[in-house]
Amino acid sequence: MLLRLALRELIRSWRFGLFFIFNLSLGLTGFVALQAFNAALENEIAGNAKAILAGDVSVSARRELTEEELKGVRSTLPSGSIESKTYEFYAMLSSDKGSRLVLVKAVDDNYPLYGTLSLSSGAEIQSQTGKDILTSASVWVYPELLGQIGLSVGDEVRLGQLKLKITDTIAKDETQTFRATTIASRIYINRALLPDSGLIQYGSTFSAIHLFQVPEETNEKELQEKLFDKLADPAIRVNTADTAGEDSGRQLGYLTDYLGLVAIVSLFMSALGAAYLYRLFLGSRMKEIAILRTLGLQSGQAVGVYILQAAMLGFLATIPTLGFAYLVLPLLGELIGSLTSFELHPVIGAETILICLFMAVLGSFIVSLPFLVKIFDLRAAKLFSEEKFAVAEGSKRYWTFLPSLILFYGLSVHQANSWKIGSAFAGAMVFVIISLFLVGYLAVRSAGLLQGLRSWFLRFSFLSLSRRAGASLAIFIALGTGALLINILPQLKNSLQAEFQVDSESKVPSLFMFDIQDEQLQGIQELLADRNILPLGLSPMVRARILKVNGEDYERQLSSQVFKTREEERDARFRNRGQNLSYRSELSESETIVKGQPFSGKFDPEKDNIPELSIEKSFAERMDLEIGDVMQFDVQGVEIEGKIINLRKVKWTSFQPNFFILVQDGVLNDAPKNFIMALPAMEESVRSQFQDEMARTFSNVSVIDVARSVDDVLATAEKMSWSLELMAALALITGYIVLFSIVRGQISMRRWELNMLKILGASWKEVAGFILVEFSFLAALAAFAGALLSVLVSYSLNFFIFESSFQFSLWQPLLSVLIITLLSLLIAFLASLDIVKESALSILREDK
Amino acid sequence: MRPFFLLQNKSAGWTRAISGFFFIIALTFSASSSWAQKKMIVLGDSLSEGYGVAKDAAFPAVLEKKLQAAEKKWTVVNAGVSGSTTASAVGRLKWLAKSKPDVILLALGANDGLRGLKLEDSEKNLGAAIEYAQKEKIRVILGGLYMPPNYGKDYTDQFAKMYQSLAKKYKVTFIPFILDKVAGNPKYNLADGIHPNEAGHRIIAENVFESLKGEL
């Protein structure tokens, strides 16, 4: 019976039904679009990480794994896993023209399990694609190696006992990262040839790497933990694509966190729209519920009819949403692909569809609970009074907000994939809604005090605002929250983009030189001056050990022969590793002090008490170092002390040599040291000539060519920056659409009242003026409050989650205030025109 | 290992003099004040520095304890610098010679080999360091090394011969392979397979001690 009643009602008020479906589907479409692009970006990030590792999971050691260990690994892996085994080691490659150190990668047919190796001949090498190195005694080399020894494709080279023909060069290697750039060029050979090479035997230094591709549903983190449990030797490394280590690891983490926020913001935006619409829907149906109650229906049954109706409408709203998602999103992805160099395929996951359905169908009940319980306060007698039916104020039931709060907190954590971000965001939203409630309450109440106005519709507008305080407050909070959500992502984007952007292309290095001795420095500088090459930076490097921090031993001794856990050993090895100290008169452009004071100048032993130290922030966190801590170093037999005066952050895209510990200038200047130098981008021929000259004159100085990997990092940085831009723009559009549906909904509720004004003799100009005044006051004030709060929330999220310097932009929130106000006014104006056109009688009949 | 010079003494409240000038004076003072002790400086790389192990577990510190246990009054100073090549030998030696050591254990060259540098240049650098030490009347002990087999037979043979010919040319005390019994054995190395762990350092100290106990 309930279903029949609900259906009959729905068909009778089909116009309202269509209106509801249209508006709700707008909000849901925004949510689905954001989720789809979010998933596409996350897939892209995960895909890149897997390509860098060339697998889902890797188990590696600087020795062969024993049969026992391998058995343990394979029994832990899920069935259906695919394996590839590779070796990595340094060796001397020689030919008649000379010899050179190379990094050998010995692979099998399954390599790479993910990603592509592009060869200069045009071949794209993936798992199980034909590899000529596996079928003949041949080798693929990095192109720079040809120039270094004077070889060409087709030449023969020797590697241990092997004679190999160079058949191709590597054009692009997805496993190569900036961090993995080494002193030697890579070459690829067939793993099966290793026994004949004579290079791998007792005493050889190599990495044996077992790569695995696991079924898609596998939880790689859990698998990693299980493998750690199986493998007792801490010297065996187990990596997943997430932990393999990348140049941009921290920034990728930030991007993932940002995408998590995007997911929550989109959820809140659509929830905001849905909640508001449901509230309007139930508000409009209260009269019917009261009628049904007078006809003998139980309260619960009456509510059931309308919950069922709302659920059906919600379900119907998901149809156009999903239609849009499946038809339009791929086209949007292609459009973006044609405008930029990035291919992005928006994906609508089952989870997105489920959340969408949940919000549309069941969300109505949960978010409308505070409103639904008012049914118990319904006075049927009111049905017979002449005034427009309204729900009585009744008693306050604050607990009714609890299910919504719990639901959105849970969804926030789930969407962000992080307790930290989910909780921070949910907390911020509670703060924001309370703040907006307070500001809105004051605004609505003070609107009622504006009585000395000349124009009647001005007086009427403000009085009307304060008279319908509840409804005014609801739209105020909705608009304010919308303004806040719209502004958060673009503001965080500004701050995060600053992390990714390169200050200037002219500061991007192409060569790094290290092991420059004191006495070689002048000669190298002269060589550079002769070729008009201006170094980007020169950093002295002094080796030291940290002995004590605040009098406590810093290094970890091995007690009772073994370390208890992997972590304990890792920490000990890290601490006992020694540190490269450096000094400079001032911080470089890529460094920012996040806490403390800059260096006071050159150290003067006559005046200064103790040398000053600057510590890189993440190192300080890892080692638990604070400003004011006194550190004692052993600088090659000499002990010195220093006091931490600042913590500094180093920009990832600076590509400059950076150090965990900087010592005040004037302290280490005479200590034994060597230098690292970065050289700017230069023509390939100039770069190659300079490398040859260096090899002849200063053979100990290693020159690393980073031009190729820097380009890759810059491309990644650009991609990240662009991703932020895209998501912020999508969030803006979604936000405005949601606000559009809220304002439209609100105005439709006022048709009866506006119609009364028309009947009383108000001109259409006065009707329009009345509604425009009301909305300009509410929308401008709510948008301003929301935008202001968004600055606070963005600043806090940036501080707690992203830890980057906040880039405040004034125009962005102000522009959003203007757009929201104008948008509200436009919708209000258009709606008032509609009302003027409509027959007064039909509205009276429909709405009384 | 007792530091041969302590620049800081909070309890005494001395002026914290760390400029180069004070530093050199202090080094000299330190050398003369400890006349009863003889001093050996280990001029090496990460193998000497004790990369990954505590300072007291690195072989120079273990060697000092062994020498003292054998009632030999020797101080062993660890001047190992991770990543250093033979190119740094003379420059560092000039600095370290200011503290008037009696013996230098020259244990450099591993990074030259691992980085595939020209061995003629490495030999020249080590030769220059030995010549400088001999001119300063510092006795030289040459610590020899082998390259791992993956570098190929030609290169590893040439590398091993470099030390032999230097030892012969300059007539210095020679330890053919200070990593004997350690290199290549996972039991005595860190996870990187190159750097000795605590047990490995104890064996190296034993290797050096056995080679030198009659000499010192």
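Our structure is the block above this text.
Given the structure is predicted, the values throughout are model-derived calculations rather than measurements.

What follows covers the sheet that holds strand S5 (residues 173-175) of chain B. Residue and element names in this part refer to chain B. Here 5 strands make up an open sheet; going across it, the order is S2-S1-S3-S4-S5 and the pairing parallel. This sheet does not close on itself; its edge strands, each paired only once, are strand S2 (74-78) and S5. Averaged over all adjacent pairs, the angle separating strand axes in this sheet is 20°, with direction ignored. On top of the sheet, helix H3 (residues 59-69) reaches strand S1 (38-44), S2 and strand S3 (103-107); it is set at about 180° to S2, its chief contact. Packed on one face of the sheet, helix H4 (residues 89-96) meets S1 and S3 and runs near 155° to S1.

Residue and element names in this part refer to chain A. Buried within helix H1 (residues 2-12) are the following residues: Leu 5, Ala 6, Glu 9 and Leu 10. One side of H1 holds all its buried residues, which, seen down the axis, span an arc of 130°. Turned more than 90 degrees away from the buried face of H1 sit Arg 4, Arg 8, Ile 11 and Arg 12, all of them exposed.

Ranked by size, the top nonpolar core spans 133 residues in total, and within it Leu 24, Tyr 258, Phe 425 and Met 727 of chain A carry the most contacts. Tallying contributions element by element places helix H8 (residues 249-294) of chain A first for this core, with 23 residues. Counting only domains with at least three residues in this core, you end up with domain 1 (1-55 + 248-417) and domain 4 (424-507 + 707-848) of chain A. Excluding anything up to four places from it in sequence, Met 727 of chain A contacts Leu 34, Phe 37, Asn 38, Leu 41, Tyr 258, Leu 259 and Val 262 of chain A. Membership of the second largest hydrophobic core comes to 64 residues, among which are Phe 59, Ala 133, Ile 141 and Tyr 151 of chain B.

Residues and elements named next belong to chain B. Relative to the 26 Å expected for 18 residues at 1.5 Å per residue, helix H7 (residues 153-170) spans 26 Å between its end C-alpha atoms, a close match to the ideal helical length. Those residues of H7 that sit buried are Tyr 155, Thr 156, Phe 159, Ala 160, Met 162, Tyr 163, Leu 166, Ala 167 and Tyr 170. Seen end-on, H7 carries its buried residues on one side only, within an arc spanning 135°. Seen from the open side of H7, the exposed residues pointing more than 90 degrees away from its buried face are Lys 153, Asp 154, Lys 161, Lys 168 and Lys 169. One or two residues past the end of H7 sits Lys 171, with phi positive at roughly 50°.

What follows is about the pattern of salt bridges. Residues and elements named next belong to chain A. Counted according to the given criterion, the structure contains 27 salt bridges over all chains. Notably, a salt bridge pairs Glu 88 with Lys 105, separated by 3.0 Å at the nearest N-O pair. Here Lys 105 lies in strand S3 (residues 98-107) and Glu 88 lies in strand S2 (residues 82-95), a separation of 17 residues in the sequence.

Taken residue by residue, the interface counts 58 residues in chain B and 59 residues in chain A. Note on chain B versus chain A: buried area summed over both sides is about 4,800 Å², and carbon and sulfur give 56% of it. Seen at the junction of chain B and chain A, the total is 3 salt bridges. Here Arg 543 of chain A and Glu 49 of chain B are joined by a salt bridge, their closest N and O atoms 2.7 Å apart. Broken down by secondary-structure element, the contributors of at least two residues to the side of chain B that touches chain A are helix H1 (20-33), S2, H4 and helix H8 (198-212) of chain B. The leading source of residues in the side of chain B that touches chain A is H1 of chain B, at 4 residues.

Procedures and definitions
- Residues numbered from 1 in each chain as written.
- Chains lettered and ligands numbered in written order.
- Predicted model: local features only at pLDDT ≥ 70, side-chain atom pairs only at ≥ 80, totals over all residues.
- Heavy atoms only, no water.
- Pairing = 2+ DSSP bridges.
- Helix = DSSP H or I, 4+ residues; strand = E, 2+ residues; numbered from the N terminus.
- Axes fitted to C-alpha atoms, helices over the stretch in contact; angles between N-to-C directions.
- Contact = heavy atoms within 4.5 Å.
- Buried < 20%, exposed > 50% of the residue type's maximum accessible area, 1.4 Å probe, protein only.
- Arc of directions from axis to C-beta.
- Core = buried A, V, L, I, M, F, W, Y, C linked by side-chain atoms within 4.5 Å.
- Domains from an automatic or database assignment.
- Expected span 1.5 Å × (residues − 1).
- Salt bridge = Lys/Arg side-chain N within 4 Å of Asp/Glu carboxyl O.
- Buried area = accessible area lost by both parts, 1.4 Å probe.

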